[in-house]
Amino acid sequence: MNAPRAANVQLGPYALNGRVLLAPMAGVTDPPFRTLCAEFGAALTCGEMLSANQALWHTAKSRRRMAASGAAQTLRAVQLAGADPLQLAAAARAQVDQGAELIDFNLGCPAKKVCDQLCGSALLSDEPLVARLLDALVRAVAVPVTVKIRTGPDPARRNAVRIALLAEGCGVAAIAIHGRTRVERFSGQAEYATIRAVKSAVRIPVIANGDISTAQQAHAVLALTGADAVMIGRAALGAPWIFRDVNVFLESRQIAPQLLRTAITALILRHLESLYAFYGEYTGVRMARKHLVRYCERQTDAGALRGVLLAAENSVAQYDAAQRGFGEWANALAA
Ligand SMILES: Cc1cc2nc3c(=O)[nH]c(=O)nc-3n(C[C@H](O)[C@H](O)[C@H](O)COP(=O)(O)O)c2cc1C
C-alpha cells in the first residue's frame, strides 16, 4: 500500500508519496480518520482548522486539532485560520514546537463564524492582507507553509491566480484550490478552469480540489488542470479506501478490485476502537455515529442498519451493533 509512487509532489524538503491528499474537514479529519486515510494511501492528511488565537487553545476541541494530538501516518500538518500576522506567526511557531512538520493556512473556509472574523475565504477580498499574513507565516517557521484557497470571493472576482502568485512570492510551498468561490459555498459544481489557470501561472505545486468522488474523476481533474495532485474531502467519508482506488487507477488505469465486505467490516470496527481511544466514551460514541451513518450510506444494502447503530447509547452497545450488523452484511454476500 505504501510503495513509492511516480510523479511525487515536493513540499519544501518533503516528497509526498503520491498524488492524492485528504482535504481538511473540521469535525471529520481527526487523527483516527487521518490515520485510516493514510493507511489507504492518502499522501498528506492535514488536521482540522485551528484558530490562530491561542486564547482559545484551552478547549478540548482545539487541543485535539494541534500537532501534539497524535500522529497521523503522513507529515504532521496543522491548518491555521487567522487574520492577524503576529498572532498567526506565534501560533505557527507554537505548533512547530509541538511537532508540526507543515503549516497550512486556511483561505477557503466560507463558514459565517470564521468569515465574520475576516478569516478563511473572507480574506480573499483583501490581497494586501493575505500577502502580509503569508509573509509573516513563512518567516515565522522553518517548516513548509502551504495555503488552501477558493477560486475567489465570488464568480465576478475570481482572483485565485493573483493570490497564488502572491503566495508563491511569499515563499509558500504549495497551494490547494477548491474550485468554487466563497459565495458559492458548496452549491453547484466545482470548476477547474481557474485551477488550470493557476497551474499555468505558478511554479509551486498546485493541488486541485472539489467534487472528486471517483478514481476516474481524480485522473480527469489532473489531466484537465495539469495540477500536481488532487485533494479529496467528502468522498472519503464512509469510504477512506478511495485513496487506494485513486492510486491504483493513476498507476495502472485499472479499477481497483472492490474491498471484501469482511475487510470493510474489520476497518469499521478498527475505526470505532480508535475513536473511543482518542475521544473517550462520550464524545467517541457521538463522533462514531457520524462515520457509521456514512459507512451505511456507502453500502447500498446496509441502510437498515442505520437506525440500530444510531440508537446505541454507549461504546459497548455501539460496537456490538456494528459488529453484528456489518458482520451480517458481510456474511450475506458470502452465503
Ligand atoms: C464538513 C466539512 C468541513 C470542512 N472543514 C474544512 C477545514 O477545516 N479547513 C478547510 O480548509 N476546508 C474545510 N472544508 C472544505 C474541504 O477541505 C474541501 O475543500 C471541500 O469539501 C471540497 O472538496 P470535496 O468536494 O472533495 O469535499 C470542509 C468541508 C466539509 C464538508
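Residues numbered from 1 in each chain as written. Predicted model: local features only at pLDDT ≥ 70, side-chain atom pairs only at ≥ 80, totals over all residues. Heavy atoms only, no water.

Caption draft 1: Geometry of helix α7 (residues 193-201). Within α7 the residues assigned to the buried category are Thr-194, Ile-195 and Val-198. Seen from one end, α7 has its buried residues packed into an arc of 100°, which puts them on one side. Those residues of α7 that are exposed and aimed more than 90 degrees away from the buried face are Ala-193 and Ser-200. Buried positions along α7 lie against α6 (160-170), β8 (174-178), β9 (206-209) and α8 (215-225). (Buried < 20%, exposed > 50% of the residue type's maximum accessible area, 1.4 Å probe, protein only. Helix = DSSP H or I, 4+ residues; strand = E, 2+ residues; numbered from the N terminus. Arc of directions from axis to C-beta. Contact = heavy atoms within 4.5 Å.)

Caption draft 2: Molecular detail of the sheet that holds β9. The parallel open sheet is built from eight strands, whose spatial order is β3-β10-β9-β8-β7-β6-β5-β4. In this open sheet, the two edge strands, each paired with only one partner strand, are β3 (20-22) and β4 (50-51). Across four bridges, strand β5 (residues 77-81) lies against strand β6 (residues 102-107) in parallel orientation. Among the inter-strand pairings, Gln-79 is bridged to a residue of β6, identified as Asp-104. Seen against the sheet, helix α3 (residues 85-97) touches β4, β5 and β6 and runs at an angle of roughly 160° to β5. Running over the sheet, α7 touches β8 and β9 and is turned about 175° from β9. (Pairing = 2+ DSSP bridges. Axes fitted to C-alpha atoms, helices over the stretch in contact; angles between N-to-C directions.)

Caption draft 3: Structural detail: the pairing of β9. Covered by surrounding structure in β9 are Val-206 and Ala-208 together with Ile-207 and Asn-209, the residues of both alternating faces. The β-α-β motif built from β8, the intervening α7 and the parallel element β9 has right-handed crossover chirality. As paired strands, β9 and strand β10 (residues 229-232) are joined by three bridges and run parallel to one another. Bridge pairing in β10 places Ala-208 opposite Val-230. In the classification by handedness, the crossover that spans β9, the intervening α8 and the parallel β10 is right-handed. (Right-handed = clockwise from strand over helix to strand, strands pointing away.)

Caption draft 4: Structural context of the site of the ligand. Taken together, 16 residues are adjacent to the ligand, and Pro-24, Gln-79, Asn-209, Asp-211 and Arg-234 come closest. Take Ala-26: an N or O atom from its main chain is 2.8 Å from a nitrogen atom of the ligand. Contact with the protein chains removes 86% of the 610 Å² of surface that the ligand exposes when unbound. Considered class by class, the residues forming the shell around the ligand number seven nonpolar, six polar and three charged. (Near = heavy atom within 4 Å. Polar contact = N/O pair within 3.5 Å; in protein donor to acceptor, adjacent residues only side chain to side chain. Areas by Shrake-Rupley, 256 points an atom, 1.4 Å probe, with all protein chains shown as cover. Nonpolar A, V, L, I, M, F, W, Y, C, P; charged D, E, K, R; others polar.)

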